[in-house]
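# Architecture and fold: a report
Given next are the chains, with one letter for each unit.
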Amino acid sequence: MSVRSSLLASFLDRYAALGLNIVSSMVLARLLTPTEVGVFSVVMVLLALVNTVRDLGAGQYLLQAKELTPAMVRSVWAVQLGLGSLLALLTLAGSQPVAAFYRDERIVPIMALLALNYLANPFGSITYAWLMREMRFATLAWARFASALAGALLSIGLAWKGFGPISLAWGSLATTVVNALVLSLARPANFPWLPGLQHFRDVLAFGSRLTGASVLNTLTAGAPEFLLARLQSLTAAGFYSRAGGLVAMFRSLVSDAVMAVALPLFAKAAREQRDVPAAFARVQAYMTAVGWSFGACTALLAYPAVRVLYGDQWDPAVPLVRWLALALLFQVPVSTCQTALASTGGAPALLRASSWASALTLSLTAFGAWQGMEVLAACMLPAALGSLGLWLWQVRRHLGLSLSLLARACAPSLGVALCCAAGPGLVVLLWGWTPAPAPALALGVPTAVIGFLAGCWLFKHPLREELTPVLQGLRRPR
């Protein structure tokens, strides 16, 4: 697939999943209480740390290899199967201690169900890595949509019947199992099913540094909910989780889709000794234009968005959304930094940046959680700013990136974001920070879209090149 076709397939994939996620979140937010959501979110935060080592970077080993041999596939398969079985046992064994720590027995069956994910995941992950390498995003999109639909339907059905937070665990398991089944159908016929050990050490050596960085990043991302649940309450963790989920829609809207294509794209550019810094700057321009626009509009429309999506019982999450949306402005470029380092052999730089950024963020997180959930959310702003500086420093050293090149590439994005935020800003000027949700969104969302498109043309943003064919197609008579 071409880069443009790959991006289109990846975006369609993410938007389909996002639509399902929005609908299911709106329903589940009305079927489950903040405390019930908090119980599940705390478990997921703990298991997110485990998820970072579930294949020890084996999938990326296949992605960056110049040639794939049956022996390599056997070794990756051995790592994935072995780790999946081990993590399932560890999760099951840890369910009782975690339940005792949080004084909530509902955690035990939730963790027991989620342990089964690690047994099912390897059957899809090796095919996933191969499809990413071949940039076959259409197949990945079908697998992700089918699995997300299965998980959403099961979660909603069980929550409707009053099963509580374990409904989300059943949905997670359904998502993993369906994803593995669909991807298994796309597995290449020449991929062996028997594991092997010939390249076992190579796989572990490659993945160890990447996994170390992933562990640090995941620990940092999950620390707010983990600490709030312990230092404040599970309800506070639930509010923070819901606020973070709304802001994290940016990942579903843009970041995941772009990074899915950028990872093999950067790897290919590095293998062919092409201009990686120029590709990095262009991807950053795309990311910042949409990310800064999304963050600004979300901060301005936080109240009506929370009311419409989740209902009035989630009002305490509104100020958290505003702070986290502002922090997103500085977090947006970091994902591109991580992808660029991971795909170009920069594992040592990736680990250094992750270590320093995690130390900074965890320090501010611990202080904020001790003070309360609103202070914690506010602390994410300086944490994001400091982390961005650390990541850019490492990318500059590893890729030889010119900061002036990056500044020139991203400068139009600031103008685009200001144009996009003009409509939501008008909503705040007219009706204040807590407007009637329906009129506020009816005015704010369309004007934001119009402002975004106008900004792309006014400031001659590179996104204009991607949007022009789409708009021309919409105007073409049928």
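Preceding this section is the structure that the text describes.
A brief structural summary. (Residues numbered from 1 in each chain as written. Predicted model: local features only at pLDDT ≥ 70, side-chain atom pairs only at ≥ 80, totals over all residues. Heavy atoms only, no water.)

## Observations concerning the overall build of the protein
Selection rule: Per the convention used, a helix needs a DSSP run of H or I reaching at least four residues, while a strand needs a run of E reaching at least two, with both numbered from the N terminus. Using a 1.4 Å probe on the protein chains alone, a residue whose accessible area is under 20% of its type maximum counts as buried, one over 50% counts as exposed, and one in between counts as partly exposed. Working definition of accessibility: Shrake-Rupley area with a 1.4 Å probe, residue cover restricted to the visible protein chains.
The helix and strand inventory of the protein stands at 19 helices and 0 strands. Residues classed as buried in the protein amount to 53% of the 478 residues present. If you sum the accessible surface of the protein, you get close to 20700 Å²; carbon and sulfur atoms cover 67% of it.

## Description of the nonpolar core
Among soluble globular proteins, nonpolar side chains are generally buried collectively. Note the following rule: Within this scheme, the nonpolar core is defined by two criteria: the residues are buried Ala, Val, Leu, Ile, Met, Phe, Trp, Tyr or Cys, and they are joined through side-chain atoms within 4.5 Å. When checking whether two residues touch, look at their non-hydrogen atoms; a contact exists if any pair is within 4.5 Å.
Formed by 64 residues in total, the largest nonpolar core has its most connected members in Ile107, Ile110, Tyr240 and Tyr310. Discounting residues that sit within four places of it in the chain, tyrosine 310 has contacts with Ser25, Ala29, Arg30, Arg242, Leu246 and Met249. Listed in part, the 19 residues of the second largest apolar core include Val276, Leu350, Leu399 and Leu406.

## Some words on the packing of helix H7 (residues 137-160) against helix H8 (residues 166-185)
Working note: a packed helix pair is described by the angle between its axes plus the distance between those axes. To keep it simple, the criterion reads: Angles here are taken between N-to-C directions and fall from 0 to 180 degrees, while the axes themselves are lines fitted to C-alpha atoms, restricted in helices to the stretch in contact. Convention used here: angles under 35 degrees read as roughly parallel, angles over 145 as roughly antiparallel, angles from 65 to 115 as roughly perpendicular, and any remaining angle as oblique. A clockwise turn of the near helix away from the far one marks a right-handed crossing, whereas an anticlockwise turn of less than a right angle marks a left-handed crossing. Gly falls in the polar group here, along with every residue not listed as nonpolar (Ala, Val, Leu, Ile, Met, Phe, Trp, Tyr, Cys, Pro) or charged (Asp, Glu, Lys, Arg).
Close contact between H7 and H8 brings their axes to 7 Å; oriented N to C, the two are set at 155 degrees. Viewed along their axes, H7 and H8 adopt a mutual orientation that is roughly antiparallel. In this structure, the crossing between H7 and H8 has a hand that is right-handed. When H7 is examined against H8, the residues Leu140, Ala143, Arg144, Ala146, Ser147, Ala148, Ala150, Gly151, Leu154, Ser155, Leu158 and Ala159 are found in contact with a partner set consisting of Ser167, Leu168, Trp170, Gly171, Ala174, Thr175, Val178, Asn179, Val182 and Leu183. By residue class, the composition of the contact of H7 with H8 is 14 nonpolar, 7 polar and 1 charged.

## Some points on the environment of tryptophan 314
By the element assignment, tryptophan 314 lies in the loop between helix H13 (302-310) and helix H14 (318-343). Classification of tryptophan 314 as buried rests on a relative accessible area of 0%. Each C-alpha atom of the pair tryptophan 314 and proline 34 lies 7.6 Å from the other, and the pair is 280 residues apart in sequence. Beyond its immediate chain neighbours, meaning those up to four positions away, tryptophan 314 contacts Ala29, Leu32, Thr33, Pro34, Val37, Gly238, Phe239, Arg242 and Val306.

## Points about the pattern of salt bridges
To keep it simple, the criterion reads: One side-chain nitrogen of Lys or Arg within 4 Å of one carboxyl oxygen of Asp or Glu is enough to make a salt bridge.
Following the criterion strictly, the structure yields 2 salt bridges and no others. We note a salt bridge from aspartate 315 to arginine 307, for which the minimum N-O separation is 2.8 Å. Since its relative accessible area comes to 22%, aspartate 315 is described here as partly exposed. Taking relative accessible area as the criterion, arginine 307 reaches 27% and is therefore assigned partly exposed.

## Focus on the packing of helix H5 (residues 107-120) against H8
Packing of H5 against H8 brings their axes to within 9 Å, and their N-to-C directions diverge by 10 degrees. Here H5 is positioned roughly parallel relative to H8, judged by the angle of their axes. Across the interface between the two elements, Pro109, Ile110, Leu113, Leu114, Leu116, Asn117 and Ala120 of H5 pack against Ile166, Ala169, Trp170, Ser172, Leu173, Thr176, Val177 and Ala180 of H8. Residue composition of the contact of H5 with H8, by class: 12 nonpolar, 3 polar and no charged.

## Remarks on the packing of aromatic side chains
The cut-off we apply is this: Ring geometry is summarised as follows: Phe, Tyr and Trp rings, the Trp one being its six-membered ring, pair when their centres sit within 6.5 Å, and such pairs are stacked at plane angles under 30 degrees, edge-to-face over 60 and tilted between the two.
Evaluated as defined, the whole model comprises 7 aromatic pairs. Centroid distance phenylalanine 101 to phenylalanine 226: 6.3 Å. Interplanar angle 10 degrees. Geometry classified as stacked. Of this pair, phenylalanine 101 sits in helix H4 (residues 70-102) while phenylalanine 226 sits in helix H9 (residues 200-231), and the two are 125 residues apart along the sequence. The exposure class assigned to phenylalanine 101 is partly exposed, which follows from its relative accessible area of 35%. For phenylalanine 226, a relative accessible area of 29% translates into the label partly exposed. Between phenylalanine 239 and tryptophan 314, the aromatic rings sit 5.6 Å apart at their centres with planes inclined by 85 degrees, giving edge-to-face as the arrangement. With a gap of 75 residues between them, phenylalanine 239 in helix H10 (residues 234-247) and tryptophan 314 in the loop between H13 and H14 connect regions that are remote in the sequence.

## Overview of the side chain of threonine 298
Looking at where threonine 298 falls in the secondary structure, it is placed in helix H12 (residues 276-300). Those residues in contact with threonine 298, other than ones at most four positions away along the chain, are Leu246, Val321 and Ala325.

## Here we look at the side chain of serine 387
Rules: Within 3.5 Å is the distance limit for a polar contact, defined as a pair of N or O atoms, with the added protein rule that one can donate a hydrogen and the other accept it, and that residues adjacent in sequence qualify only through two side-chain atoms.
Inspection of the secondary structure puts serine 387 in helix H16 (residues 373-399). Classification of serine 387 as buried rests on a relative accessible area of 8%. For serine 387, the side chain forms a polar contact with the side chain of threonine 361, separated by 3.3 Å. If near-sequence neighbours (up to four positions away) are discounted, serine 387 is found in contact with Ala357, Leu360 and Thr361.

## Considering H8
To be explicit about the condition: In a helix, the anticipated span is given by 1.5 Å times the number of residues less one.
Across its 20 residues, H8 extends 29 Å between first and last C-alpha, which sits within 8% of the 28 Å expected from 1.5 Å per residue. By the burial criterion, the buried members of H8 are Ile166, Ser167, Leu168, Ala169, Gly171, Ser172, Leu173, Ala174, Thr176, Ala180 and Leu183.

## Describing unusual backbone geometry
The phi dihedral of arginine 103 falls on the positive side, at around 55 degrees, and the residue is not glycine. In this fold, arginine 103 is placed in the loop between H4 and H5. In this structure, lysine 460 is a non-glycine residue whose phi angle is positive, near 50 degrees. Checked against the element boundaries, lysine 460 lands in the loop between helix H18 (437-458) and helix H19 (463-475).

## Considerations on H5
Helix length check: H5, at 14 residues, gives a terminal C-alpha distance of 21 Å against a target of 20 Å (1.5 Å per residue), a fit within 8%. Among the residues making up H5, those that are buried are Ile107, Val108, Ile110, Met111, Leu113, Leu114, Ala115, Asn117, Tyr118 and Ala120.

## Observations concerning the state of the cysteines
Defined as follows: Pairs of cysteine sulfur atoms within 2.5 Å are what we label disulfides.
Under the defined criterion, the tally for this structure stands at 0 disulfides. Cysteine 420 supplies the cysteine sulfur nearest to cysteine 297, a cysteine that is in no disulfide, at a spacing of 3.5 Å. Among the residues examined, cysteine 297 registers a relative accessible area of 12% and is labelled buried. The class for cysteine 420 is buried, based on a relative accessible area of 6%.

## Looking at the environment of isoleucine 110
As for its placement among the helices and strands, isoleucine 110 is situated in helix H5. Isoleucine 110 sits in the buried class, given a relative accessible area of 0%. Taking the C-alpha atoms as reference points, isoleucine 110 and serine 95, 15 residues apart in sequence, are found 8.2 Å from one another. If near-sequence neighbours (up to four positions away) are discounted, isoleucine 110 is found in contact with Val39, Phe40, Val43, Pro165, Ile166 and Ala169.

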